[in-house]
Amino acid sequence: MMRLHLTAKSAPTRKSAKGKKLGAAAMAIALLLPAQALAQTITFESDPILYWNERATTLLASGPPAQTRTLAMMNIAMHDAANSVLGEPDKAYLSGVSGSGGDVRAAVSQAAYQVLVAADPTHAADYQAALNLSLSLVSNPAAMNQGIATGSAFAQSIIALRTGDGATAVVPYVPTGLPGNWKPTSPAPPAFPQWGGVTPFLLTSSDQFKPAPPPGLGTPEYAAALAEVRDVGSATSLTRTADQTASALFWDTANGSTWVKIGLLVADDEGLSTIEFARDFALLSTSLADAAIAGFDAKYDYAFWRPITAIREDPTNPDPNWSPVFTTPNHPSYPSAHSFLSGAGSTVLSALFGDDEGFTLTIGGDTRSFTGLEQAALDGANSRLWGGIHFRFDNEAGLLLGQNVGNYVLAGSTFQAAVPEPSGWIMMIAGFGAAGAGLRRQRRRQAFA
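Sequence order as written defines the numbering, with residues in each chain counted from 1. Per-residue local features are limited, in this predicted model, to residues with pLDDT of at least 70; the limit for side-chain atom pairs, both in listing and counting, is 80 or more; totals at the level of whole chains, interfaces and linings are taken over all residues. Side-chain numbers here rest on the full set of heavy atoms in the structure, without hydrogens or water.

## Side note on the pairing of strand β1 (residues 359–363)
Stage number 1. Burial of β1 is one-sided: the residues Phe359, Leu361 and Ile363 facing one way are buried, the residues Thr360 and Thr362 facing the other way are not.
Stage number 2. Any two strands with at least two DSSP-identified bridges between them are counted as paired. Strands are runs of DSSP state E lasting at least 2 residues, helices are runs of H or I lasting at least 4, and numbering of each runs from the N terminus. As paired strands, β1 and strand β2 (residues 366–370) are joined by five bridges and run antiparallel to one another. Residue pairing for β2: Phe359 is matched across the bridge by Phe370.
Stage number 3. Counted between consecutive antiparallel strands, the loop separating β1 from β2 contains two residues, among which Gly364 sits at a positive phi close to 60°. The buried label goes to any residue with under 20% of its type's maximum accessible area, the exposed label to any with over 50%, and the partly exposed label to all in between, with areas taken from a 1.4 Å probe on protein chains only.

Quick look at the structure:
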């Protein structure tokens, strides 16, 4: 049986190799070591792509799938607005948009502002303040106004395109009551039952990388996973380590914006141009959004019960008093949402920036250090087992699903450098031969292995 501490392969990457391969013991020790904080404070004077992602990840408070959708919309609008102003060096996502020209910062900022206000009107005043600060750096009034018009056009385009995409559809869920079938774990309605029907951003369908079914209730694999989570995931477990408990509590506050926050940490010191940052965060955010769509499609299709139900209603050894470390989320167990978001986020970020530096992440007031992106993804996945809300196979399937989505997005042409003119092909051939078909930029990258 595959274990989460084993590493998984992903697509060829784009940074020089200094990566670290950690075994299970090494990863456990690494969590106790200090890590390098990569990012400086991001302010309105930073690159506008970084600034608006910082604002969005700080302010967006909707559920995780909805957060990933908004972040993808915002980054698409910012990328395509910057791309248009700069003469379209990349392949755009949106087509038929009339806005063009002006100041890049103004275009990016207006695009982000309009998408965020449309998706999160409760923070409209905060987004307006951010827009005012960002535009205060633009000294040419004519260029600013033209940039605002350009950004507005691209924001309107993505908002129109995503209107009616299924995000607000009403989809009922009725449990069968049979063993293994998920039933709500709180009095609240089931969370995001419609999300598997949301139109993907780049995938061909929500079930393009659908995981194989979870193990059957009578199988040895299921029995082993049930015994494991019953033991290590119990609120009163005597075998869960202090660090495993700390991991469970830390990641419990993660949401749909967490891997974009991690992206800000690893990208901020790269010294990239605005269009390069725009390209990278468009790839990251659309991967996360599509992983959420694919993951929730599988969740409600398989509708597999959570450990709390499985243990309390176990036909052979029920424990009606068993409880996990924290409250179980109110949606099906298989696959794990933390895991498919971690799989997608770590795959894309490793391909873009490498996995050779540690970082320290703060979410929900808690801080945790990691030796790299892969280790953070594995820790995030394992945390759900240690917290008692997922089986091991939930996490394994989620990581693989996220990795598949991330690799698919990276292999596509959207947001990537535009196809060169025929006269440039001769010079490009040698470069492709040296760098490999998976390379999208001349900067060398580190493999996620």
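## Some points on helix α2 (residues 48–59)
Stage number 1. The end-to-end C-alpha distance of α2 is 16 Å, a good match for the 16 Å that 12 residues give at a rise of 1.5 Å each.
Stage number 2. By the criterion of burial, α2 is predominantly enclosed, with 10 of the 12 residues buried.
Stage number 3. Within α2, burial applies to Pro48, Ile49, Leu50, Tyr51, Trp52, Asn53, Glu54, Ala56, Thr57 and Leu59.
Stage number 4. The residue sitting at the N-terminus of α2 and contributing the capping side-chain oxygen is Asp47; that oxygen lies 2.9 Å from the backbone nitrogen of Ile49. Expected span of a helix: the number of residues minus one, times 1.5 Å. Polar contacts here mean pairs of N or O atoms no more than 3.5 Å apart (in protein, one a potential hydrogen donor and the other a potential acceptor; neighbouring residues in sequence count only if both atoms are side-chain atoms).

## Quick look at the confidence of the model for the protein
Stage number 1. The predictor attaches a confidence to each residue, and that confidence, scored 0 to 100, is pLDDT. A residue-level look at the protein finds 84% of positions with pLDDT of 70 or above and a mean pLDDT of 87.
Stage number 2. Should any heavy atoms of two residues lie within 4.5 Å, those residues are considered in contact. In the model, residues 1–39 has pLDDT below 50 throughout and makes 108 contacts with residues more than four positions away in sequence or in other chains.
Stage number 3. Every residue in residues 421–449 is under pLDDT 50, and counting partners more than four places away or in other chains gives 64 contacts.

## Quick look at the nonpolar core
Stage number 1. Core analysis: the biggest nonpolar cluster contains 96 residues, and Trp52, Met74, Trp259, Phe281 and Phe359 have the highest contact counts within it.
Stage number 2. For this core, the element with the highest residue contribution is helix α10 (residues 274–302), accounting for 15 residues.
Stage number 3. If we skip the residues at most four places from it in the chain, Trp52 touches Met74, Met78, Ser109, Ala112, Tyr113, Leu116, Tyr127, Ala130, Leu131 and Ser134.
Stage number 4. Ranked by size, the runner-up nonpolar core spans 20 residues in total, among them Leu226, Ala248, Tyr334 and Trp386. Put simply, a nonpolar core is a bunch of buried Ala, Val, Leu, Ile, Met, Phe, Trp, Tyr and Cys residues held in one set by side-chain atoms that sit within 4.5 Å of each other.

## Quick look at the environment of Gly271
Stage number 1. Along the polypeptide, Gly271 turns up in the loop between α9 (258–267) and α10.
Stage number 2. Taking relative accessible area as the criterion, Gly271 reaches 69% and is therefore assigned exposed.
Stage number 3. For the pair formed by Gly271 and Asp47, sequence separation is 224 residues and the distance between their alpha carbons is 9.5 Å.

## Details of the side chain of Ser134
Stage number 1. Within the secondary structure, Ser134 is located in helix α5 (residues 124–135).
Stage number 2. When its relative accessible area of 0% is taken as the criterion, Ser134 is described as buried.
Stage number 3. Here the side chain of Ser134 touches Ser109 through a polar contact of 2.7 Å, side chain to side chain.
Stage number 4. The contact partners of Ser134, leaving out residues within four places of it in the chain, are Phe44, Tyr51, Trp52, Arg105 and Ser109.

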